[in-house]
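Descriptive analysis of the structure
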Amino acid sequence: MAALEKATGDVVFKFEPFVLHVLCQELQDAQLLHSAAVDSGFRNSGITVGRGGKIMMAVRSTHCLEVPLSHKGKLMVSEEYIEFLIHVANRKMEENT
């Protein structure tokens, strides 16, 4: 709260979800890993094939959170709401684990 009171610009509370990048030798390996990831609940997972043929599989969760707290130095939410956001973010971190 002390840092928010000193802020002069915009402040955003942001929680980034779990991300795991795996370099795969074969497309079939990436597809197998992708299926396992999606079946495990990591719905934002995907496969990328680079120009040089590099196959990258990304396991991504959907547990993101991004909420503006202040604008031009003015706090836009209550301290109670910030405590609620922290609780939600901590739950999401447990789900990441």
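With an unreviewed UniProt entry as reference, the protein is termed tRNA wybutosine-synthesizing protein 3 homolog, source organism Baryphthengus martii.

Time to look at the UniProt feature "domain: tRNA wybutosine-synthesizing protein" (unreviewed entry) in the protein. The sites that carry the UniProt feature "domain: tRNA wybutosine-synthesizing protein" (unreviewed entry) are, in the present numbering, residues 7–97. A helix fraction of 34% and a strand fraction of 33% characterise residues 7–97, whose end C-alpha atoms lie 32 Å from each other.

So, on to the environment of T48. One can find T48 in strand 3 (residues 46–49). Taking C-alpha positions, T48 is 34 Å from H87, a pair spaced 39 residues apart along the chain.

Bringing the domain arrangement of the protein into the picture now. For the protein, the assigned domains are domain 1 (1–16 + 63–96) and domain 2 (18–62). A straight line from the C-alpha centre of domain 1 to that of domain 2 covers 31 Å.

Calculation notes
- Residues numbered from 1 in each chain as written.
- Predicted model: local features only at pLDDT ≥ 70, side-chain atom pairs only at ≥ 80, totals over all residues.
- Heavy atoms only, no water.
- UniProt positions renumbered as here; feature names shortened; annotations may be inferred.
- Helix = DSSP H or I, 4+ residues; strand = E, 2+ residues; numbered from the N terminus.
- Domains from an automatic or database assignment.

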